[in-house]
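The residues making up each chain are set out below.
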Amino acid sequence: MDEVILEMSEKMEQSLEAYRRELTRIRTGRASLSLLDGIKVEAYGSSMPLNQVATLTIPESRMIVIQPWDTQQLKAIEKAIFASDIGLNPSSDGKVIRLSIPQLTEERRKELVKQVKKISEEYRVAIRNSRRDALDTLKKLKADKQLPEDDFFRLQDEAQKETDAFIGKIDAIMADKEKEMMEV
């Protein structure tokens, strides 16, 4: 019966990791290679991740440099960056592409904070759904007389404590991200 709680915890942990990955894609005014995650480049007849066709570096805190391994891929990389929704304009000198990260305005910062809060709430709901699924399984076991009532209530309390812990982690991560975004 503890397996139900363990499985629930694993799902919650996966949700937490997905939440962390999602937040790295939100621009904070600093250069981060995770901004480029998910950008696919049409190269050599197939769609490839950007980091498989170029070297990505951060020479300054507000700039990303993309150096293609094959300079013939420059146009395809620029096209992929324009097509993505990261909101950055690439500038090319024929050998490398530079992405300057502009300073965020106060209004844009507040918009991004709202976006972070919305994403946070989606992941809180995902964690609560994991708890609900576990409780449904426990109720079914109790109804089938495979789980004593005392164990049911103990496991129900464990599930709630685990849920509260994961929601607390999401709130802490959200607060850190919010603080980072509001820094000038």
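A brief report on the enclosed structure follows. (Residues numbered from 1 in each chain as written. Predicted model: local features only at pLDDT ≥ 70, side-chain atom pairs only at ≥ 80, totals over all residues. Heavy atoms only, no water.)

Within the largest apolar cluster, 30 residues are counted, with the highest numbers of intra-cluster contacts made by Tyr19, Leu23, Ile26 and Leu138. Put simply, the parts of the chain that give this core at least two residues each are helix 1 (2-24), helix 3 (106-143) and helix 4 (149-182). In terms of residue count, helix 3 provides more of this core than any other element does, ten residues in total. Those residues within four positions of Leu23 in sequence are excluded, and the remaining contacts are Val116, Ile119, Ile173 and Lys177. (Core = buried A, V, L, I, M, F, W, Y, C linked by side-chain atoms within 4.5 Å. Buried < 20%, exposed > 50% of the residue type's maximum accessible area, 1.4 Å probe, protein only. Helix = DSSP H or I, 4+ residues; strand = E, 2+ residues; numbered from the N terminus. Contact = heavy atoms within 4.5 Å.)

All right, on to the side chain of Gln73 then. Within the secondary structure layout, Gln73 lies in the loop between strand 4 (63-68) and helix 2 (74-83). Once you skip the residues sitting within four places of it in the chain, Gln73 turns out to touch Glu42, Ala43 and Tyr44.

On to the side chain of Lys177, then. Considering the arrangement of structural elements, one finds Lys177 in helix 4. Residue contacts for Lys177: discarding those within four places in its chain leaves Leu23, Thr24, Ile26, Thr28 and Val116.

Next up on the list: the pattern of salt bridges. As enumerated under the stated definition, the model contains 14 salt bridges in all. Taking the shortest distance from any N to any O, the salt bridge between Lys11 and Glu7 comes out at 3.8 Å. Remark: Glu7 and Lys11 occur in helix 1; sequence separation between them is four residues, near one turn of the helix. In this structure Lys11 comes out as partly exposed when scored by relative accessible area, which is 35%. Note on Glu7: relative accessible area 46%, which makes it partly exposed. Of the charged contacts, one joins Glu121 and Arg128 as a salt bridge, the two residues approaching to 3.3 Å between their closest N and O atoms. On the basis of relative accessibility, which here comes to 34%, the residue Glu121 falls in the partly exposed class. Several salt bridges share partner residues, and in doing so they unite Asp2, Asp151, Arg154 and Glu158 into one network. (Salt bridge = Lys/Arg side-chain N within 4 Å of Asp/Glu carboxyl O.)

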